[in-house]
Amino acid sequence: MNVKSYAKVGAAFGAAALGLGILAAPASADPATATDYRILSAVGSDTTQYVMNGLANGTAVVNSGGAKIISSWDAVKPATGADPFVTKPGCSYTRAEANGSTNGINRLSDDISNGGSTCVDIARSSRTPKTTVPGTDLTFVPYARDAVTYATDLGSTVPTNLTIAQLASIYKTCAYTDAGGVSRTVQPLLPQAGSGTRSYFLTSIGVTEAQITTAKATCGLQDNVQEHDGTAIANASQLVPYSVAQWIAQGKGLADVPNRKGESRLRSIEGSLPTTGSGTSLALNPSFVFSRDVFNVVQTSRLGEAAISEALTDICAASATIQNYGFGAISNCGDTTTPALKGGLYS
């Protein structure tokens, strides 16, 4: 039985059945038991997994019977414990296939092409549709604002402010020219392939994947870092792209968000600060030079389904939860009509 079949029998499960294991689950992270399937399953972006987990496992996204609608599955399998999703009857999904925005969209595309065999209904995404994949099969539904900057360790030798041109040079050659005209060598890190943050950051600084391949071969650029993990910064010469919302959420002491910051600090680009305020008032700067919307991607033909429609509406009504996880509110939350947010199936 795939997830489409579960949607059809959702009423038979009832609120009590769908709730088995939910009350014992943490406020964020995977559903607690292998039988807590719910109606819809979401996979993909690491950037938005905690906010979507919080929405899915809280009281915001529920149907008329009070049952939670979405199972939001982390991008990476927990270090310990079973992986409940892969035990779901009829599913061929494995978690490693959906680590990152593009990979999650690939899995949703597979689900559509194969009649539900992967049991994926929603792809979490921090990227927009690929312009190279025409079509309207998918709708990218925006619901929050994020920003991306680079992070370094406390005490790093990398400047706390870089220009876009300097960042481009770093990710092409592992070096930049400082204000005094001196060439400085650094070690750039990048998130894993399929990461929406990787794609967005490289596009923003004007660097291609071909240039990244060259930098890996010629100057030691590393591009296999799990995104938004500050502990991956191992020395004072390294820098890595980081979601501002993720960094804020990781430092708030939320029980449901692992603190992966390490000693990392967010840095400025072109003199623009990525955050505003401080302490408990620390927030994302919505005007930061590299800012982006984040999305839930769904099959366009399913937008009218009760569960999907209710989930998208409930998410937009939960702006306080969204902002608690470090993201900014947006005026176009839930937009399903803008042509630029339609795209074809990924391969």
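Residues numbered from 1 in each chain as written. Predicted model: local features only at pLDDT ≥ 70, side-chain atom pairs only at ≥ 80, totals over all residues. Heavy atoms only, no water.

Scanning all chains against the criterion turns up two disulfides. The disulfide partner of cysteine 174 is cysteine 219, and the gap between their sulfur atoms is 2.1 Å. Taking the sign of the torsion about the S-S bond as the criterion, the disulfide between cysteine 174 and cysteine 219, at about 60 degrees, is right-handed. Taken together, the residues span a long stretch of sequence, with cysteine 174 in the loop between α5 (164–173) and β6 (175–177) and cysteine 219 in helix α7 (residues 209–219) at a distance of 45 residues. For cysteine 219, a relative accessible area of 27% translates into the label partly exposed. One disulfide in the model links cysteine 316 with cysteine 333; its S-S distance is 2.0 Å. (Disulfide = S-S within 2.5 Å. Helix = DSSP H or I, 4+ residues; strand = E, 2+ residues; numbered from the N terminus. Buried < 20%, exposed > 50% of the residue type's maximum accessible area, 1.4 Å probe, protein only.)

Let's shift gears to the packing of aromatic side chains. Applying the stated criterion across every chain yields a total of three aromatic pairs. With centroids separated by 6.1 Å and ring planes inclined at 80 degrees, the aromatic side chains of phenylalanine 140 and phenylalanine 295 adopt a geometry described as edge-to-face. Within this pair, whereas phenylalanine 140 is found in strand β4 (residues 138–153), its partner phenylalanine 295 is found in strand β15 (residues 291–299), the two being separated by 155 residues in sequence. Between tyrosine 171 and phenylalanine 201, the ring centres sit 5.3 Å apart and the planes meet at 75 degrees, which makes this aromatic pair edge-to-face. In this pair, tyrosine 171 is assigned in helix α5 and phenylalanine 201 in helix α6 (residues 196–205), connecting sequence segments 30 residues apart. On the basis of relative accessibility, which here comes to 0%, the residue phenylalanine 201 falls in the buried class. Geometry around tyrosine 346 places lysine 130 over its ring, the cationic atom sitting 4.8 Å from the centre. Taking NZ or CZ as reference, lysine 261 lies 3.6 Å from the ring centre of tryptophan 247, over its face. (Phe/Tyr/Trp six-rings, centres within 6.5 Å; stacked < 30°, edge-to-face > 60°. Lys NZ or Arg CZ within 6 Å of the ring centre and 35° of its normal.)

Let's shift gears to the pairing of β4. For β4, the buried fraction is high: 15 of the 16 residues fall into the buried class. When β4 meets β15, the two strands line up antiparallel, connected through nine bridges. Counterpart to phenylalanine 140 in the pairing with β15 is valine 297. As paired elements, β4 and strand β16 (residues 342–343) share two bridges and run antiparallel to each other. Within β16, the position partnered with leucine 138 by the bridge is glycine 343. Pairing analysis gives four bridges linking β4 to strand β10 (residues 238–243), with the strands arranged antiparallel. Looking across to β10, one finds that threonine 149 is bridged to tyrosine 242. Bridge analysis of β4 against strand β11 (residues 264–266) gives three bridges, and the strand direction is antiparallel. The residue of β11 that forms the bridge with aspartate 153 is serine 264. (Pairing = 2+ DSSP bridges.)

The phi angle of most residues is negative, glycine excepted, and most peptide bonds adopt the trans form. Positioned with a positive phi, cysteine 174 is a non-glycine residue whose angle comes to about 65 degrees. Even without glycine at this site, histidine 228 takes up a positive phi of about 60 degrees. Within the fold, histidine 228 resides in the loop between β9 (222–225) and β10.

What follows concerns the nonpolar core. Of all hydrophobic cores here, the largest spans 67 residues; its most connected members are Leu40, Ile70, Tyr171 and Leu239. Ranked by residue count, the leading element in this core is β4, at seven residues. Setting aside anything within four residues of it in sequence, one finds isoleucine 70 in contact with Arg38, Leu40, Ala42, Met52, Ala56, Val61, Ile122, Ala311 and Ile315. One finds Ala123, Val133, Phe140 and Val297 within the second-largest nonpolar core, a separate group that totals 14 residues. (Core = buried A, V, L, I, M, F, W, Y, C linked by side-chain atoms within 4.5 Å. Contact = heavy atoms within 4.5 Å.)

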